[in-house]
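Topology and contacts: notes
Read off the chains here:
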Amino acid sequence: QVQFVESGGGLVQPGGSLRLSCAASGSIFSIWAIGWYRQAPGKQRELVARAHNGGFTNYAESVKGRFTISRDNAKNSVSLQMNSLKPDDTAVYYCNGWPASVVTSWGQGTQVTVSS
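Residues numbered from 1 in each chain as written. Predicted model: local features only at pLDDT ≥ 70, side-chain atom pairs only at ≥ 80, totals over all residues. Heavy atoms only, no water.

A few words now on the nonpolar core. Ranked by internal contacts, the top residues of the largest apolar core, which has 29 residues, are F4, W36, F67, I69, L80, M82 and Y93. Secondary-structure elements contributing two or more residues to this core are strand 3 (18–24), strand 4 (33–39), strand 5 (46–52), strand 7 (67–72), strand 8 (77–82), strand 9 (91–98) and strand 10 (110–114). Tallying contributions element by element places strand 3 first for this core, with four residues. Those residues in contact with M82 that sit more than four places away from it in its chain are G16, S17, L18, L20, R66, F67, Y93 and V112. (Core = buried A, V, L, I, M, F, W, Y, C linked by side-chain atoms within 4.5 Å. Buried < 20%, exposed > 50% of the residue type's maximum accessible area, 1.4 Å probe, protein only. Helix = DSSP H or I, 4+ residues; strand = E, 2+ residues; numbered from the N terminus. Contact = heavy atoms within 4.5 Å.)

Moving on, we come to the state of the cysteines. Taken as a whole, this structure holds one disulfide when the rule is applied. Here C22 connects covalently by a disulfide to C95, the sulfurs 1.7 Å from one another. Its S-S torsion of approximately 55 degrees makes the covalent link between C22 and C95 right-handed. Placement of C22 in strand 3 and of C95 in strand 9 is noted, with a sequence separation of 73 residues between them. (Disulfide = S-S within 2.5 Å.)

This structure, assessed with the given rule, holds four salt bridges. We note a salt bridge from D89 to R38, for which the minimum N-O separation is 2.9 Å. Of this pair, D89 sits in the loop between strand 8 and strand 9 while R38 sits in strand 4; the two residues are 51 residues apart in sequence, bridging distant segments of the chain. Two residues, E61 and K64, come together in a salt bridge whose shortest N-O distance is 2.7 Å. Members of the salt-bridge network, linked through shared partners, are R38, E46, R66 and D89. (Salt bridge = Lys/Arg side-chain N within 4 Å of Asp/Glu carboxyl O.)

The following block contains the structure:
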């Protein structure tokens, strides 16, 4: 079972950028889609972006045009470039498979805080 380790979070001012990275413990080639999820305090975890084998990507409306997901099967890694960050983007960010049927155990995530 592939495990994921997220990194790259931090404190950033509104309008700033961050790049999150996700390293998998094994091959991600066979995972049809991998997503970046986030969970804000008091809210349910939500999918913000997913990247499929073959290049297809999909984004939540709230991040469309600001976030870019990419996957590198050769390096077993997935990244999330986040631009024009807003306070509402504050959350713990996780990566994992998609859909729910392929989700493995959740990692520690990486905290993103957008605040002035």
